[in-house]
Amino acid sequence: MKNPRLLAQRRAINVAFIALSVGAALFGIVWLGLILYELLVNGVSALAPILFTADTPPPGQPGGLANAILGSILMSVVAVAVGTPIGILAGTYLAEYGRHARLAYVIRFVNDILLSAPSIVIGLFIYEVIVVRMGHFSAWAGAAALAVIVIPVVVRTTENMLLLVPNGLREAAFALGAARSFVIRSVTWRAARAGMITGVLLAVARISGETAPLLFTAFDNQFWSTNLNGPMSSLPAVIYKFAMSPYADWQRLAWAGALLITVAVLTLSIIARVLERRRS
Amino acid sequence: MVDIALTETLTATDRAATVAKGGRRDAAFHALTWAAAVLVVILFAGIMVSLLLGSMPSIKAFGLSFLISEKWNPVTDKFGALASIYGTLITSLLAMLVAVPVGIGIAIFLTELCPRPLRRPVAIAVELLAGIPSIIYGIWGLFVLAPWLQVHLQPWIIDLFGNVPYLQDFFAGPPYGIGIFTAGLILSIMVLPSISSITHDVFLTVPPMLKEAGYGLGCTTWEVMWRVVLPFARTGVVGGAMLALGRALGETMAVTFVIGNAHHISTSILAPGTSISATIANEFTEAVGSLYTSALIEMGLILFFITFVVLAAAQLMLGALERRAGGAS
């Protein structure tokens, strides 16, 4: 039954296939490597202490990104402070109270859609609901848009992490006579804490690079501002504006900002991973 | 760890009171979590309703012609979204054409071919790259990729297809650098990590026994992947690709930098165009007049609708997979 030609043919197809998928992997890795390389080369050459001490300059003058960094941090903090409790409570409902309720299926579905919904649409939504009502751009609106992005991320990770908590733990606490809410807060949350923190970190990483929802909510501000009721600068918005400009020094600042964001995002994701791994 | 201080001398009435208190707190906490969960649905409904209300003036003024008109003239208040819708669809299609095969290739490489000690680091690297913000891809596309394409790849493509009937129109010059093609390419690089990491996860749900049985029968790696792994993982792979498509359709920053912002449809994919998200990002803050703003919001509504359909399909497919994986283990 031996058929050497068939065997040779199958081997040839196999070799071609292996070459193709190794090629695909190389192709992908080369592109991504190129991006990181250019980012490092251009970003590092633009790094200087003045980035953190001076505000965004008019073209042709020395300056930094201090106001943009401050704005990004302020809005992210507010967004996380608002979005995290809501996300954790909603995730808790899905995992603890409504695990098999029909409502929970709807919420899960909607949440997963929101998780990947275009962020620019969320910007439009907040513009309609907050900016139009207030009559002006504000950091509150920017933070609200970011919070809408934080919530689904936290809901998903919280639910996943709570589902990993063994039922035996809950039952042991119930057997001691503890009320359900007490069990959730003191047993389940505590057992899933590292995973839930991971979710929050991932959410921070996600919003720190978001540009589209900030363009017409927080807008931009050339100056150092801590007034959440007025327009506020943010790193992504500054990168967008400066990169699209024809001025070389603005473009250098854009690269520096891009490097800062990437480093921040990668650091957060790596910390999140380490936390997650320690748990498992 | 848990401090439940129950005194031993608890009378029956105290006991009843404690239980009742626990019950009340329980109900309050239950209601609180329920409210937070419902808020997610309210947000979703709020997005739809506010976009719908915001686009009412434009819907009333243009009706269906908004969808089929290419005309975009803020000066005369004549708006049609066709060029943007076309740009959104064609750039995402291009992105999928490149990213799906390459992403699956990477996933196959990771699950079957990659030397074992390298697997975890490469898989983690791919996942980390999936988290890089889109504006980074945008700035790279604008400063590095577009100039390179303009000088090297595009003139070559234009020459290559210059005398081929039909195709010459798709690849007609001049080489702008920026344009539909560049935007599609950037998008494909951007969704690549998410496609390969989802596909990789899906491949890992294939029971090793099935693959081992295949190898045991003397199958080559290709035969195992093509006849065993891919059929088993089909729904998940398609779902992952749909999820990536949903993200590509709504992607703003990576596209806005390089698409060229031209409100008309060219047959050549090398020409500048625009997409829904790029139009909104570029023009929203500068839009004067309520009809202009409303037209942009209606475009947002269209984008939300398109991505909703694609993402919902992706959810249903990935959900089916999850249930099966849950049932199998």
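Overview of the structure. Nothing here was measured: the structure is a model prediction, and the numbers come from that model.

Remarks on the overall build of chain A
Okay, step 1: Helix and strand content of chain A: twelve helices and zero strands.
Okay, step 2: Secondary structure of chain A in N-to-C order comes out as α-α-α-α-α-α-α-α-α-α-α-α.
Okay, step 3: For a compact globule of 280 residues, the expected C-alpha radius of gyration is about 19 Å, and chain A comes in at 24 Å, more than 25% above that figure.
Okay, step 4: In terms of principal-axis extent, the alpha carbons of chain A reach across some 75 × 70 × 35 Å.
Okay, step 5: Of all 280 residues assigned to chain A, the portion counted as buried reaches 54%.
Okay, step 6: Each charge class in chain A was averaged separately, 21 positive and 11 negative side chains, and the resulting centres sit 15 Å apart.

Re the overall build of chain B
Okay, step 1: Within chain B, the regular secondary structure consists of twelve helices and two strands.
Okay, step 2: Moving toward the C terminus, one meets the helices and strands of chain B in the order α-α-β-β-α-α-α-α-α-α-α-α-α-α.
Okay, step 3: Taken over C-alpha atoms, the radius of gyration comes to 26 Å for chain B, far larger than the 20 Å a tight globule of 329 residues would show.
Okay, step 4: Reported as C-alpha extents along the three principal axes, the dimensions of chain B are approximately 95 × 65 × 35 Å.
Okay, step 5: Burial analysis of chain B (329 residues in total) assigns 53% to the buried set.
Okay, step 6: By sequence separation, contacts in chain B at least 24 residues apart represent 74% of the contacts at least 6 residues apart.
Okay, step 7: Carbon together with sulfur atoms contributes 68% to the accessible area of chain B, which is approximately 15,100 Å² in total.
Okay, step 8: Where the 16 positive side-chain charges of chain B centre and where its 18 negative ones centre are 9 Å apart.

Here we look at unusual backbone geometry
Across the chain, the bulk of peptide bonds are trans and the bulk of non-glycine residues have phi less than zero.
Okay, step 1: One non-glycine residue, A:Phe219, lies in the positive phi region at around 55°.
Okay, step 2: By the secondary structure assignment, A:Phe219 is in the loop between helix H10 (212-215) and helix H11 (235-243).
Okay, step 3: Despite not being glycine, B:Asp77 has its phi angle at roughly 60°, a positive value.
Okay, step 4: With respect to the helices and strands, B:Asp77 occurs in the loop between strand E1 (72-73) and strand E2 (78-79).

Digging into the interface of chain A and chain B
Okay, step 1: Chain A puts 80 residues into the contact, and the matching count from chain B is 83 residues.
Okay, step 2: For the pair chain A and chain B, the summed buried area comes to about 7,400 Å², and 82% of that belongs to carbon and sulfur atoms.
Okay, step 3: The interface formed by chain A and chain B includes two salt bridges.
Okay, step 4: For B:Glu127, the salt bridge identified is with A:Arg273, shortest N-O distance 2.4 Å.
Okay, step 5: Per-class residue counts for the side of chain A that touches chain B are 58 nonpolar, 13 polar and nine charged.

Quick look at a nonpolar patch on the surface
Okay, step 1: Taken together, the side chains of A:Leu26, A:Val30, A:Leu34, A:Tyr37 and A:Val41 define a hydrophobic patch exposed on the protein surface, amounting to about 460 Å² of accessible area.
Okay, step 2: We classify A:Val30 as partly exposed; its relative accessible area is 47%.

Some thoughts on the packing of helix H8 (residues 180-191) of chain A against helix H1 (residues 12-62) of chain B
Two numbers describe a pair of packed helices, the interaxial angle and the distance between the axes.
Okay, step 1: Direction vectors running N to C along H8(A) and H1(B) enclose 65°, while the axes themselves pass 7 Å from each other. Taken as axis vectors, H8(A) and H1(B) run roughly perpendicular relative to one another. Each of A:Arg180, A:Ser181, A:Ile184, A:Arg185 and A:Trp189 in H8(A) lies in contact with H1(B), whose residues at this interface are B:Arg25, B:Asp26 and B:Phe29.
Okay, step 2: Of the residues that constitute the contact of H8(A) with H1(B), the class distribution is three nonpolar, one polar and four charged.

Quick notes on the environment of B:Ser50
Okay, step 1: Turning to its location among the elements, B:Ser50 is positioned in helix H1.
Okay, step 2: Sequence-wise, B:Ser50 and B:Ala312 are 262 residues apart; in three dimensions their C-alpha atoms are separated by 21 Å.
Okay, step 3: Setting aside residues no more than four positions away along its own chain, B:Ser50 makes contact with A:Phe125, A:Glu128 and A:Val129.
Okay, step 4: Side-chain polar atoms of B:Ser50 contact the backbone oxygen of B:Ile47, separated by 3.3 Å.

Side note on the side chain of B:Thr111
All names here are of chain B.
Okay, step 1: In this fold, Thr111 is placed in helix H3 (residues 82-113).
Okay, step 2: Exposure remark for Thr111: the relative accessible area of 10% places this residue in the buried category.
Okay, step 3: If sequence neighbours within four positions are ignored, Thr111 has contacts with Arg119, His200, Phe203 and Leu204.

Digging into the nonpolar core
Okay, step 1: In this structure, B:Tyr137 and B:Phe203 are the most contacted members of the largest nonpolar core, which totals 187 residues.
Okay, step 2: No other element matches helix H12 (residues 290-328) of chain B, which puts 16 residues into this core.
Okay, step 3: Residues within four places of B:Tyr137 in sequence aside, it is in contact with A:Leu32, A:Ile35, B:Leu129, B:Ile132, B:Ile186, B:Ile189, B:Met190, B:Pro193 and B:Ala254.

What counts, and where the lines are drawn
- Residues numbered from 1 in each chain as written.
- Chains lettered and ligands numbered in written order.
- Predicted model: local features only at pLDDT ≥ 70, side-chain atom pairs only at ≥ 80, totals over all residues.
- Heavy atoms only, no water.
- Helix = DSSP H or I, 4+ residues; strand = E, 2+ residues; numbered from the N terminus.
- Rg over C-alpha atoms; globule rule 2.2 N^0.38 Å.
- Buried < 20%, exposed > 50% of the residue type's maximum accessible area, 1.4 Å probe, protein only.
- Lys, Arg positive; Asp, Glu negative; His and termini not counted.
- Charge placed at Lys NZ, Arg CZ, Asp CG, Glu CD.
- Contact = heavy atoms within 4.5 Å.
- Areas by Shrake-Rupley, 256 points an atom, 1.4 Å probe, with all protein chains shown as cover.
- Buried area = accessible area lost by both parts, 1.4 Å probe.
- Salt bridge = Lys/Arg side-chain N within 4 Å of Asp/Glu carboxyl O.
- Nonpolar A, V, L, I, M, F, W, Y, C, P; charged D, E, K, R; others polar.
- Patch = residues over 30% accessible without salt bridge, like charges linked within 9 Å, V, L, I, M, F, W, Y side chains within 5 Å.
- Axes fitted to C-alpha atoms, helices over the stretch in contact; angles between N-to-C directions.
- Parallel < 35°, antiparallel > 145°, perpendicular 65-115°, else oblique.
- Polar contact = N/O pair within 3.5 Å; in protein donor to acceptor, adjacent residues only side chain to side chain.
- Core = buried A, V, L, I, M, F, W, Y, C linked by side-chain atoms within 4.5 Å.

Any link to function would need more than the numbers given here.
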